[in-house]
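Residues per chain are reported as follows:
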Amino acid sequence: MKYEMKEVDGVKIVKLTGQIRISTQNQFKDLLDRLAREYEGKTVIISMDGVIYMNSAGLGIIIDTYKKFKEKKGKIILCNLLPDIEKLFEVTRLNRFIEIYSTEAEALSKL
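In the nomenclature of an unreviewed UniProt entry, the protein is known as Anti-sigma factor antagonist of Acetivibrio clariflavus. For the protein, the Sequence similarities (unreviewed entry) comment in UniProt is given as "Belongs to the anti-sigma-factor antagonist family."

Spelled out as structure tokens, the structure:
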């Protein structure tokens, strides 16, 4: 798993590529924990168009991070999910409380 970070209008955007699986889930957790600490009370957008696979631990890490942001009055937003990943969020009904948008531009426009 790799990531790139940028900032647009004061909002941190993290673009992920690769797979979130057993061999990368600790790196993924460390990244999201760091974001939750550094951007406490703010909004972070995670662009996942480069994520081709995510295991259940990856979903759990996203849920945990969502809770951390919410506790500190911030939020984590997902965008650019590939169809298979988007289906995971639909099947688990996580899309009902985690904001998910089709594009980065759409996510930014909803802030």
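A. Structural detail: the UniProt feature "domain: STAS" (unreviewed entry) in the protein. Taken from the UniProt record, the annotation "domain: STAS" (unreviewed entry) applies to residues 1-111. As annotated, residues 1-111 has a helix share of 41% and a strand share of 33%, and its two end C-alpha atoms lie 27 Å apart.

B. Region of the structure containing the pairing of strand β1 (residues 2-8). Here seven bridges tie β1 to strand β2 (residues 11-20), and the two strands are oriented antiparallel to one another. Bridge pairing links K2 to T17 in β2.

C. Highlighting the sheet that holds β2. Pairing within the open sheet is mixed, and its five strands lie in the order β1-β2-β3-β4-β5. The strands lining the two open edges of the sheet, one partner per strand, are β1 and β5 (99-101). Ignoring which end each strand starts from, the neighbouring axes of this sheet average 25° apart. Pairing analysis gives five bridges linking strand β3 (residues 43-54) to strand β4 (residues 75-79), with the strands arranged parallel. Bridge pairing in β4 links I45 to I77. The strands that helix α2 (residues 56-71) touches are β2, β3 and β4; relative to β3, the one it contacts most, it runs at about 175°. Together, β3, β4 and β5 form the strand contacts of helix α3 (residues 83-91), whose direction differs from that of β3 by roughly 115°.

Criteria and thresholds
Residues numbered from 1 in each chain as written. Predicted model: local features only at pLDDT ≥ 70, side-chain atom pairs only at ≥ 80, totals over all residues. Heavy atoms only, no water. UniProt positions renumbered as here; feature names shortened; annotations may be inferred. Helix = DSSP H or I, 4+ residues; strand = E, 2+ residues; numbered from the N terminus. Pairing = 2+ DSSP bridges. Axes fitted to C-alpha atoms, helices over the stretch in contact; angles between N-to-C directions. Contact = heavy atoms within 4.5 Å.

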